[in-house]
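This is what each chain is made of:
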Amino acid sequence: MALPWADQPFSLIPTPTAEQTKGYDKVVIAVAREMCLAHNAMIRNLNAIYLQCEQLTVPKDQADFIIFCQVAIEVIHTHHQMEEANFFPQIAEYTGEPNIMEKNIEQHRAFDAGLTVFEGYVYKLTPETYDGAEVKRLVDGFAEVLVTHLNDEIQTLLALQKYGGEKLGPIFKTFNDNIMKEVKDKHRLLPCALGCIDRTFEDGKNADFPPFPFFVPYLVKYVFARRYSGSWRFTPCTMFGQPKPLPFTKEALAV
Ligand SMILES: [Fe+2]
Ligand SMILES: [Fe+2]
């Protein structure tokens, strides 16, 4: 029996196909593809939370898992905050269409409340108060709406084709730089962010994402991942971008 992995229950998003983007500017395609892969990383962590949260009974496991949840949610939160703070306004500016990202902003509002409730909950949670069923219930409170948005945003970015890619490229770079500037604790954020990247996704055709130097995974694994090492047991991938089994799914524990 194949064990459930972090490609479910919330489905990953296929990257734009060559057919779909025929004749498109290569920058537009690259931005849509990278956004898609970043969104998939978030979905994998969300799935890892969802599939494992109910089976944790040992306080040490619960304490480690709480940190994993906190950081995974922080990543999702920061991503959307940075989109609204500069990426979306800059798109509105260069396209000359003030409302062009309106639907996406509305979608952000639709999952914000649930996400914020969950974030507040996991920051207060301790092994004494840990309740896996409640974790799952709170994820159910926002995940579907979030995943719909993560899908739709890729289509919005592809639709920017009519404005060309020249201005979009630098804006996207600034967005990514701003996200990195928001990193407060590298010991929490870097292992969590690397641990949801699957370089084998779509038969490895996106193995170049994210494009960082070869030594980064070593640095994260041997330096930054050590402080909260127990928390990265729950990540769907290794620090080297390879999928790994989720140890606390119902099915994994039954083997
Ligand atoms: Fe996004
Ligand atoms: Fe977004």
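Rules used in this analysis
- Residues numbered from 1 in each chain as written.
- Chains lettered and ligands numbered in written order.
- Predicted model: local features only at pLDDT ≥ 70, side-chain atom pairs only at ≥ 80, totals over all residues.
- Heavy atoms only, no water.
- UniProt positions renumbered as here; feature names shortened; annotations may be inferred.
- Helix = DSSP H or I, 4+ residues; strand = E, 2+ residues; numbered from the N terminus.
- Phe/Tyr/Trp six-rings, centres within 6.5 Å; stacked < 30°, edge-to-face > 60°.
- Buried < 20%, exposed > 50% of the residue type's maximum accessible area, 1.4 Å probe, protein only.
- Lys NZ or Arg CZ within 6 Å of the ring centre and 35° of its normal.
- Salt bridge = Lys/Arg side-chain N within 4 Å of Asp/Glu carboxyl O.
- Core = buried A, V, L, I, M, F, W, Y, C linked by side-chain atoms within 4.5 Å.
- Contact = heavy atoms within 4.5 Å.
- Donors = N, O, S within 2.8 Å, 3.2 Å for Na, K, Ca; no water.

Draft legend 1. Main features of the UniProt feature "domain: Hemerythrin-like" (unreviewed entry) in the protein chain. Summarizing the sequence annotation, UniProt attributes the feature "domain: Hemerythrin-like" (unreviewed entry) to residues 39-159 in the numbering used throughout. What you have in residues 39-159 is 82% helix and 0% strand, and the ends, taken at the C-alpha atoms, are 18 Å apart.

Draft legend 2. Quick peek at the packing of aromatic side chains. Summed over the entire model, instances satisfying the criterion amount to 13 aromatic pairs. Relative to Phe 88, the ring of Phe 87 has its centre 6.1 Å away and its plane inclined at 40°; by these criteria the two rings are tilted. Phe 88 carries the same exposure label as Phe 87, and that label is buried. Both rings, one in Tyr 218 and one in Phe 240, keep their centres 4.9 Å apart while their planes meet at 75°; by these two values the pair is edge-to-face. Of the two residues, Tyr 218 is situated in helix α8 (residues 216-224) and Phe 240 in the loop between α8 and α9 (250-254); the sequence distance between them amounts to 22 residues. For Tyr 218, a relative accessible area of 45% corresponds to the partly exposed category. The ring of Phe 201 has Arg 44 sitting right over it, with the charged end atom 5.4 Å from the ring centre.

Draft legend 3. Focus on the pattern of salt bridges. Scanning the entire structure with this criterion turns up 14 salt bridges. Linking Lys 136 and Glu 54 is a salt bridge whose minimum nitrogen-to-oxygen distance equals 3.0 Å. With Lys 136 in helix α4 (residues 132-140) and Glu 54 in the loop between α1 (26-52) and α2 (59-95), this pair connects stretches of sequence that are 82 residues apart. A single salt-bridge network, built from bridges that share partners, covers Lys 60, Asp 61, Asp 64 and Arg 233.

Draft legend 4. Broad picture of the nonpolar core. Counting 75 residues, the largest nonpolar core has Leu 46, Ile 49, Phe 65, Phe 87 and Phe 118 as its most contacted members. Of all elements in the fold, only α1, α2, α3 (102-124), α4, α5 (143-158), α6 (168-181), α7 (186-194) and α8 reach the threshold of two or more residues within this core. Here this core gets 14 residues from one element, more than from any other, and that element is α2. Those residues within four positions of Leu 46 in sequence are excluded, and the remaining contacts are Phe 10, Ile 73, Ile 76, Val 139, Phe 142, Ala 143 and Leu 146.

Draft legend 5. Local environment of the coordination of the iron ion (ligand 1). All of the protein donors around the iron ion (ligand 1) are Met 35 (SD), His 39 (NE2), His 79 (NE2), Glu 83 (OE) and Glu 153 (OE); their distances to the metal are 1.9 to 2.7 Å. Mapping the donors of the iron ion (ligand 1) onto the primary sequence yields the spacing M-x3-H-x39-H-x3-E-x69-E.

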